[in-house]
Amino acid sequence: MSGLSVPIPAGAFAPPASWELLSPQYDPWDPIRSLQQYGQHTLTSVELTVTHLCNMRCEHCAVGDSLTHTEQPHLPLDVIFRRLDEITHLETISITGGEPTFRMETVRDIIIPILKYARSRGLRSQLNSNVTLDFDRYEMIAPYLDVMHISFNYTEASDFHQVGFARSGRNVRETTTQKLYEQMIDNAQRLSKGGLFVSAESMINYRTVGKITEIHQLIVEMGCKRHEVHPMYPSSFAANLPVVSRDEMREAVEQLLDHRDPNIWMLFGTLPFYSCGTNEAEHTLVKRLASTPNVTVRNDPDGRNRVNVNMFSGDVYVTDFASIPSFGNVIDQSLEDIFMRWQNHPMQQAVNCHCPAASCCGPNLLVSDMYYKGIDFMKRKAIP
Ligand code: SF4
């Protein structure tokens, strides 16, 4: 770990005192909550893509194909705020990229106004960032933010070099990436010390599968409040990377449960294991996940309680699934109308199962396509 830190006053980035703290019992990003509350899938989360620029080119990047070196102006913020105002049950806003903080103008003119909008409406916010840039920009953002979501798939600087710059198309020197690696860790530690909820996400893939518990340990040392773990699925840049088998994935999750720090919230997402599964080892794992304290399995939000808005074109996406490109545009349609149209789409209907006893509302489309081709989830039921 780096020792570069200049101390941040404790509590500088803490949420408003009256707000319910995010916890395994309170995760407003999980679509099961709105399903339980309203009796049907309801739009409660909006993700905004604020840039396609990034200083990194990770080999697994889920939006790698859309990264650019220049970009057009954003749509006026008023257009976005008007569409957000129309969403009755909105609870969360996520900001994503690229690296959202890549340009200071984006931080100042787009990110901070969005975060202030969220605070003024009592919405929880998340920023997806690699936190590798100078601390100043994160310090500007932190007082308005609820979750700083970072990616962490490394055990040392050389992993970061190999993973993070694999697709740069030029030779990035290891001494340069080493500095970014140290800055990333230092930034995460300082934000955590200031009271910000830093959530580090790792993916289970061919590189991390054998060292996921070591990665977990480093995340604990950075002071993160949550470790998110998702399998890597073969979309965009990751499309041609080696695939981890379901057995290897299950074993990695079991190892994490065996060796994790019980004081840190572990959130698993888009796992290919369900209560309706007939594989005994997987079924045992699903039960173990459900009964382990400080561990949650978040249902997939894509198209269930969330849409993504491209803040340049206004295009709205309801899923990462490649055959559903954009499903509408904020310039001439409301987000709730677009969301409702998607609810009736045959692809959403095919995975629109719900087993209340298992707190499960069906698989992610990519997962179902990859591991469960030909399986009709609407005919399945959770097995006690
Ligand atoms: S909700 Fe769907 S995926 Fe989940 S246990 Fe039930 S049938 Fe299986």
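Let us look at the structure shown here. Note that residues are indexed from 1 along each chain, following the sequence as it is written. Only residues with pLDDT of 70 or above have their local features reported here, since the model is predicted, and side-chain atom pairs are shown and tallied only from 80 upward, although totals for entire chains, interfaces and linings are computed over all residues.

Each helix is a run of H or I in the DSSP string that is no shorter than four residues. Each strand is a run of E no shorter than two, and both are numbered from the N terminus. Helix and strand content of the protein: 12 helices and 11 strands. What the globule rule says is 2.2 Å times the number of residues to the power 0.38, and the radius of gyration is computed from C-alpha atoms. Against the compact-globule benchmark of 21 Å for 384 residues, the protein has a radius of gyration of 20 Å, which places it among compact chains. If one aligns the C-alpha atoms of the protein with their principal axes, the spans along those axes are about 55 × 50 × 45 Å. Field definition: a residue is buried when 20 or more other C-beta atoms are found within 10 Å of its C-beta, exposed when 12 or fewer are, and partly exposed for counts in between, with C-beta atoms placed from the backbone. The 384 residues of the protein split such that 42% are buried. Summarising the internal contacts of the protein: among those between residues at least 6 apart in sequence, 75% fall at separations of at least 24. By definition, residue pairs are in contact when their C-beta atoms, positioned from the backbone, come within 7 Å.

Let's shift gears to the site of the ligand. Defining nearness, a residue is near a molecule or strand when the C-beta atom obtained from its backbone falls within 6 Å of it. In the vicinity of the ligand there are 15 residues, among which C276, C353, C355, C360 and R380 approach most closely. Its residues assigned to classes, the shell around the ligand shows 10 nonpolar, 3 polar and 2 charged. Under the scheme applied here, ten amino acids are nonpolar (Ala, Val, Leu, Ile, Met, Phe, Trp, Tyr, Cys and Pro), four are charged (Asp, Glu, Lys and Arg), and all others, including Gly, are polar.

What follows concerns the environment of I93. Within the fold, I93 resides in strand β2 (residues 92–96). What makes I93 buried here is the crowd of 22 C-beta atoms within 10 Å. Remark: the alpha-carbon pair of I93 and G11, spanning 82 residues in sequence, is separated by 22 Å. Other than its neighbours up to four places away in sequence, I93 contacts V46, L48, I114, A118, L123 and S125.

Here we take up the sheet that holds strand β5 (residues 197–204). In this analysis, strands are considered paired if DSSP registers two or more bridges between them. If you walk across this open sheet you meet the 11 strands as β8-β7-β6-β5-β4-β3-β2-β1-β9-β10-β11, and the pairing is mixed. What marks the edges here is a single partner per strand, and that holds for β8 (295–298) and β11 (328–329). Where strand β6 (residues 226–231) meets strand β7 (residues 265–269), 4 bridges bridge the pair, whose relative direction is parallel. Following the sheet pairing, E228 is matched in β7 by L267. Against the sheet, helix α7 (residues 212–221) contacts β5 and β6, and its axis sits at roughly 170° relative to β5. Think of each axis as a best-fit line through the C-alpha atoms, taken over the contacting stretch in the case of a helix, with angles from 0 to 180 degrees between the N-to-C directions.

Listed as buried for helix α5 (residues 157–164) are F160, H161, V163 and G164. Where the residues of α5 are buried, they touch α6 (174–193).

A few words now on the nonpolar core. Joined through C-beta atoms within 7 Å, a set of buried Ala, Val, Leu, Ile, Met, Phe, Trp, Tyr and Cys residues constitutes a nonpolar core. Counting 88 residues, the largest nonpolar core has L48, M148, A188, V198, V307 and L335 as its most contacted members. Each residue touching M148, except ones within four places of it in the same chain, is listed here: L127, S129, V131, L191, L196 and V198.

Attention now goes to the environment of D65. With respect to the helices, strands and loops of the structure, D65 is situated in the loop between β1 (45–49) and α2 (77–85). Residues D65 and H52 lie 13 residues apart in sequence; the distance between their C-alpha atoms is 9.7 Å.

This part takes up the environment of L67. Summarising the element assignment, L67 is placed in the loop between β1 and α2. Sequence-wise, L67 and V107 are 40 residues apart; in three dimensions their C-alpha atoms are separated by 18 Å. Once you skip the residues sitting within four places of it in the chain, L67 turns out to touch H52, C54, R57 and G98.

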